[in-house]
Structure formats: C-alpha cells, structure tokens
Amino acid sequence: MFKKQSVSAYSKKVRAREASAEKTVTQLIDGQREPNKKLNAILEINERALQRAKEVDEGRFDKGRLTGVPILVKDNFCVAGQSATAASRILENFKPPYTAHCIQRLEDEGAIIIGKTNMDEFAMGSSNENSFFGPCRNPWNLDYVPGGSSGGSAAAVAAGLAPISVGSDTGGSIRQPASFCGVVGIKPTYGAVSRYGMIAFASSLDQAGTFGRSVADAALALEVMIDHDTRDATNVRTPFATLSTNKSLPLKGVRVGVVKEYMAADLNKELREAIEGNIETLKQQGCEIVDVSLPHTDYAIPVYYLVAASEASSNLSRYDGVRYGLRDLSSPTDEPLQDLNDFYKRTRSHGFGDEVKRRILLGTFSLSAGYFDAFYAKACQVRRLISDDFKNAYEKCDFIVGPVSTAPAFKMGEKKDDPISMYYNDILTTPASLAGLPSMSLPLGLSSERLPLGLQVIAPPFHDDKMVMFANALEELIGFTEVCNV
C-alpha cells in the first residue's frame, strides 16, 4: 500500500475521505501476523489502534499533517496504557500512565500508533540480539541481523509492516539498522526532539528519530516530532521551520567532505565501490569533493562506551524492585533474603540481561572514586576534541558523506560472543553522536548477496533542513527502488 505512495499523499486521501484509516489499519495488523512470526519485529499491537482509526475516519483530525498514518514505535518510548519494556525483563509488566512528548506530537497530528517494536535491551546493542523477547531478524535475509538497537523499527518498515516507525539513536542505533535494512533513517541534532517519555540509556547521547521508505516520509514524521518542550532541559528551539519540503538542494557548488579516516577503514569491497561510485556521481553533478580529516576517529569507540556506560550506570540505578518493574527475590539455593543489598542484587541479577550488566559494571567502575579522572573525565575531554574535529572539517565542506558501517549486515550470532568486535561495528556512527550532529542513512544499493548497503550523510549542528534537502537530491541520483519480500 505504501510502497509507491508517500505518507503525505495517503494522509491527504484520508482527509478527503478517499481512503479509510480503519481499513488500512485493519489490513496492516492482519498482514503483520505471518511476516512477524519470522521477523519478531513487533512486540505488541496497540489495542486502541482500530478505535483511533475510526475517530480519524469520523473527521477528528482533518487538519493533521499525519492524519490516518499508521506508525510503529520502538519499545523504549512511553505510550499511555501500552507496555513500555525497553525489551527488558525488568520492565516486562510496566505500562506507563503517560505518553512521550514526541509520540504525543505524532498523535496530535492524526497519526495512529499501531504497536511497539523490538529492540536491544535498553537500546544497548548493534544487532537486536539482546532483547528479552528474542532477536529480531533482517527481512532481506532471515539469517542476518537487522542492526541495532532499533532493529525492530527498521525491519518493520523494510518489510512493509508500517510506512513509518520511530527509533532512538545513541551511538548509531537509527543509522546502522537503516543501512542494514535498506530504508531511510534520520537522527536529528541532539536536543531537537524532546526526550521526555523516552526510557533513558545515555542522556547526553539519546535522541529520537524516524525510519521511512523515503526521505520525504521519514522527514515529515520527524518534523512533527520536533517541538520545544520545557519538561526536557536538553531540548532546544530549532532554528529551522520545516524538514518535510520535497525540494532538492541544487548540487552544483555544494562542498562534499570525504573523511579519509572513514575511507581508510577496513571497508567491505562492494561497499567501498558503491560509496566511491556515489562520490564520483556527485562530482559529475557539480559538487566540489573535499578531503577532510577527523583525526580522533580511532578514539570514538572507547570514548563512546565510557560515556554511554557511565550514564547508563546512573540511569539504570532506578530499577531496584521497589517502585516499579520486576521484583524477583528468588534464589537458586532458596536462601532467605539477607538484607537490602541482597534485595537489590536478586532483582537486578534476574531482571537485566548480560549486555546491560556488562555496561553497568563498566560505567560504575568508570565513575568510581580513584578512576573518575582517568576514565570518564578523560573521555569527556576527548569527546570535545572529536566535536572540534567536525567543526574544523565544516570550515572546508557543507556535508560529509561516507559509509554507515564497515560492511553490510552480519549473520545472527556471528559477533554475539565477541563484545569488542560488536562494539567496533559502530566506529563510523559514534563520532557524529558524540558531537551531537544531525546525520542519516540512505539506501545505496544491494551487495552480491542482496544485502542492503547504506550511505551516511552528516551535517553541521541544526542544519537538519539542509541535510534533508541534500538527501532528497541524493535519493533521486541513487534511485534505489528494490523491495524485500518476507
């Protein structure tokens, strides 16, 4: 239904009574069941979706920019009355009494939240294999990962289970799964979207974003989500008024930066050829190709995992079995509860998965007395140097283009027992996250194994609107039209 039709065109038809939101939602929910048995991309269907669709057909949201558009939401965003588990056992029965600000914005514009998507537990992972509810699979090849942590959101859009989905990006968790699944994924400038109602992982890095089959679809949903919210101290008023314009940036004279450290990475041969081919096409279109350097790129992974793990250690301390979430006091030896520390230990040991425990331990150690200056404080200092690298690069160029990852999607289980190898999968996405920059992934083509290849675009802070216009031009040049069949 949405493979050849934009969400704005569909919404216009719903408002004109030329299409029925109820019929569309019914067809999508019914059509999700069999594909989702293979993918495990959707964790829960919203019971209110059909009632909401009826209200849309009755004309309740005729002025909304997303009237009648079905949307899936990553399970670390609160939706009132619907489970919000962050794919963790420790929150398996949690139903929040309120809705995240950015999700409420979508609903206020007439969108219909039809369900919650699978993810790595507490958004910690690069493959969507760390979910308490089981791994999500790549719709292009079920033996491969969809990327993480927003793997469910990316896989669902790629498989046609919804036209738009919402994800979160901490170190690449929108761009990398978008690349692996052959869809568009946009991470805005840090602070552009309110984090109120998003279950926190690393507060100085977490940012909501969107997936879509086209730049226009993903940008429209993101435009609606961007709004000033006084409940989030890190949220700012953006200087741009719109993202969803379908205008393409004239390419002649645009300075396109190519990062030598990114291209010097151990890139997959087919991916390198696709990236270099795209750069040559941009040159033929009149772009000025500029070599730039981000000399602190090699430090991005250790800096990211120190900062993110430290903030996770603090944020996840609230899950103690007292106020909400899981309270599991069982013991393998049936020993009686000893004290308060034993109470905390039992609940957190049973409630968190291995990857979450690993990062809590790393973060707690980094913040501990005697190690704070050597690890966390030093990481914050190098983070500033990474940000300065980008600032210097943008004196020479308008945008940076390059790979999203060093290779297409990898096989299920290939890196699960090798945390270091898994962490380095984010080497090309974490720098932009640490600098708080807007960035996105566009489908570039398919490998010989028919796995998607992605192109990353990174823009200066709060140049999200220009980035989208540049991406519109790129999308026209690339002309990616392949569709996977699950």
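Attention here is on the structure that accompanies the text.

**Observations regarding the overall build of the protein chain**
Working step 1: Helices and strands together make up the secondary structure of the protein chain, namely 16 helices and eleven strands.
Working step 2: By principal-axis analysis of the C-alpha atoms, the protein chain measures approximately 70 × 55 × 45 Å.
Working step 3: Counting across all 486 residues of the protein chain, residues that qualify as buried make up 60%.
Working step 4: Look at the contacts in the protein chain between residues 6 or more apart in sequence, and 76% of them connect residues 24 or more apart.
Working step 5: Of the roughly 19100 Å² of accessible surface on the protein chain, 49% is carried by carbon and sulfur atoms.
Working step 6: Looking at charge distribution, the protein chain has the averaged site of its 54 positive side-chain charges lying 3 Å from that of its 59 negative ones.

**A word on the side chain of T430**
Working step 1: Along the chain, the position of T430 falls in helix α15 (residues 430–434).
Working step 2: If sequence neighbours within four positions are ignored, T430 has contacts with G171, A300, I301 and Y304.

**Examining unusual backbone geometry**
Working step 1: The peptide bond linking G148 to S149 adopts the cis configuration, its omega dihedral lying at 5°.
Working step 2: One can find S149 in the loop between β3 (112–117) and α5 (151–158).
Working step 3: Positive phi is not limited to glycine here, since A87 has a value of about 55°.
Working step 4: The residue A87 is located in the loop between β2 (70–74) and α4 (101–108) in this model.
Working step 5: Although it is not a glycine, F122 sits at a positive phi angle of roughly 55°.
Working step 6: By the secondary structure assignment, F122 is in the loop between β3 and α5.
Working step 7: Its relative accessible area of 2% is what places F122 among the buried residues.

**Remarks on the packing of aromatic side chains**
Within a pair of aromatic rings, the relevant descriptors are the distance that separates the centres and the angle that separates the planes.
Working step 1: One pass over the structure, following the stated rule, counts 18 aromatic pairs.
Working step 2: Both rings, one in F372 and one in Y376, keep their centres 5.5 Å apart while their planes meet at 45°; by these two values the pair is tilted.
Working step 3: Owing to a relative accessible area of 34%, F372 belongs among the partly exposed residues under this scheme.
Working step 4: Judged by its relative accessible area of 17%, Y376 falls in the buried class.
Working step 5: With centroids separated by 6.4 Å and ring planes inclined at 20°, the aromatic side chains of F390 and Y394 adopt a geometry described as stacked.
Working step 6: F390 gets classed as buried once you look at its relative accessible area, which sits at 2%.
Working step 7: By relative accessible area, Y394 is classed as buried at 12%.
Working step 8: One aromatic cluster in this structure is built from F94, F122, Y319, Y324 and F352.
Working step 9: Positioned above the aromatic ring of F61 is the side chain of R52, whose terminal nitrogen or guanidinium carbon lies 4.2 Å from the ring centre.
Working step 10: Here the basic side chain of K415 rests over the ring of F410, its NZ or CZ set 4.7 Å away from the ring centre.

About the cut-offs
- Residues numbered from 1 in each chain as written.
- Predicted model: local features only at pLDDT ≥ 70, side-chain atom pairs only at ≥ 80, totals over all residues.
- Heavy atoms only, no water.
- Helix = DSSP H or I, 4+ residues; strand = E, 2+ residues; numbered from the N terminus.
- Buried < 20%, exposed > 50% of the residue type's maximum accessible area, 1.4 Å probe, protein only.
- Contact = heavy atoms within 4.5 Å.
- Areas by Shrake-Rupley, 256 points an atom, 1.4 Å probe, with all protein chains shown as cover.
- Lys, Arg positive; Asp, Glu negative; His and termini not counted.
- Charge placed at Lys NZ, Arg CZ, Asp CG, Glu CD.
- Phe/Tyr/Trp six-rings, centres within 6.5 Å; stacked < 30°, edge-to-face > 60°.
- Lys NZ or Arg CZ within 6 Å of the ring centre and 35° of its normal.

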